[in-house]
Amino acid sequence: MIPRFVAAAAVFVLLLGACAAEKPATSAGSSASCDKGSLPLVQEGVLTVATDRPAYPPWFKGSPQHYTGFEGDLASGIAKQLGLPIKWVVEPFNKSYAPGPKDFDFDINQISITPERSRVVDFSDGYFDDNQGVLALEGGPVTQASSLADLKNAQLGTQVGTTSLTFINSKIQPAGDPKVFDQTNDAKTALENKQIDALVTDVVTTVYLRDFEIKGSTVVGQYPTHEPFGMLFEKGSPLVGCVNDALGKLRSDGTLHKLQSKWLKDYLNVPTLKD
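Residues numbered from 1 in each chain as written. Predicted model: local features only at pLDDT ≥ 70, side-chain atom pairs only at ≥ 80, totals over all residues. Heavy atoms only, no water.

Peer 1: I'd like a rundown of the sheet that holds strand S6 (residues 156-159), residues and numbers included.
Peer 2: Across the sheet, 5 strands lie side by side as S7-S6-S8-S5-S9; this open sheet has mixed pairing. If you trace the sheet from one side to the other, it starts and ends with strand S7 (179-181) and strand S9 (217-229), each paired once. If you compare each strand with its neighbour and ignore which way they point, the axes differ by 25 degrees on average. Across 9 bridges, strand S5 (residues 128-137) lies against S9 in antiparallel orientation. In the sheet register, Ala-136 faces S9, and the bridge partner there is Thr-218. (Pairing = 2+ DSSP bridges. Helix = DSSP H or I, 4+ residues; strand = E, 2+ residues; numbered from the N terminus. Axes fitted to C-alpha atoms, helices over the stretch in contact; angles between N-to-C directions.)

Right, dumping it as C-alpha cells:
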C-alpha cells in the first residue's frame, strides 16, 4: 500500500519470529461443530466482522465492503475457512471490549489481549505480537529521545481505552497527564496542531502515520511490549473455537506468515527506546 522504506532484516526476522512463536493467549473451548450450517452467527449465513472507522493501513485498505490489508485479509481468510461471506460493521474501539451482548461475530482492530478485557469478553488466539511506538513532529521537543526517561516531561497523547494509555501511565509515568482522544484520528490532528508533543500508538500505525498521514513527522522509537492482538468475541461465544481452528490452519499452511510479510515488514525498522 503506497511505496514504503525497506525494513532492516534483523528487526523483521525478530518480530515475525515473535509472531510465529505466539502461544494461544486466551481461548474458549472448541464448539461442537464448525459446519457453517450450525455456526452460532449474529446473522445466519454471514460472518459479521467489526472494526473501527477510520480503519488505518496497513491493517485495512480499501472500502468497508471490500477490505484488504493485514487484518482485512486475515478476516477474509477466516471467513473462507468457515465457508462464509463477510459483512463488515463499525464498532468504536473503546466500545468493543465493553461487557454485554455484541452485534457482531468478532471484532478485529489491533485489540491487545489483556487480563482486564478477558474478564468481560473472549479472544481468539493471538495473530500478531506488537510493540508501542512514539510519533512526533520533526524538530519537536522529543525527537531526539532515546529512552522513556526522555519522554517524562513531554505532553503525550493517545486514544482512550488503549494499551498505549496504560503504557504511558505505567511505564513512561509522565510529569503531566496525557491527553486522551476518542479516536486515533483525533490524536493525529492534535499532533499536527502541536497540541501534544508526541502520539503514542502501536508501532506499525506510527510508521504509517509518518509516511502517509502526517507530513514532517518522525517515529521517535518503539518500546518492546510484545502485546498479542486477538479477535474479540462476546463473552462465552461458542464461535471462538471455530475461529481458532481456522486461524490455526492459516498459520500452519503459511498464510499468516505471507500476510505479515506482505503488509507489515516494511513498518518495523524503528529504533528501540531504553528504560
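Peer 1: Describe the state of the cysteines, listing the residues and the values that go with them.
Peer 2: In a disulfide, the sulfur atoms of two cysteines are covalently bonded to one another. Enumeration according to the criterion identifies 1 disulfide in this entry. Through a disulfide, Cys-34 is tied to Cys-242; the S-S separation comes to 2.1 Å. The S-S bond linking Cys-34 to Cys-242 shows a torsion near -95 degrees; that makes this disulfide left-handed. Here Cys-242 lies in helix H8 (residues 239-252) and Cys-34 lies in the loop between helix H1 (9-20) and strand S1 (47-51), a separation of 208 residues in the sequence. For Cys-34, a relative accessible area of 28% gives the class partly exposed. (Disulfide = S-S within 2.5 Å. Buried < 20%, exposed > 50% of the residue type's maximum accessible area, 1.4 Å probe, protein only.)

Peer 1: Now, about the pairing of strand S8 (residues 198-202): what can you tell me, with residues and values included?
Peer 2: Within S8, 5 of the 5 residues are buried, which leaves it mostly tucked inside the rest of the structure. Sheet analysis places S5 next to S8, joined by 5 bridges and oriented antiparallel. In the strand pairing of S8, Ala-136 is matched with Ala-198. Bridge count between S6 and S8: 2 bridges; the pairing is parallel. When the sheet's bridge partners are listed, Leu-156 is paired in S8 with Ala-198.

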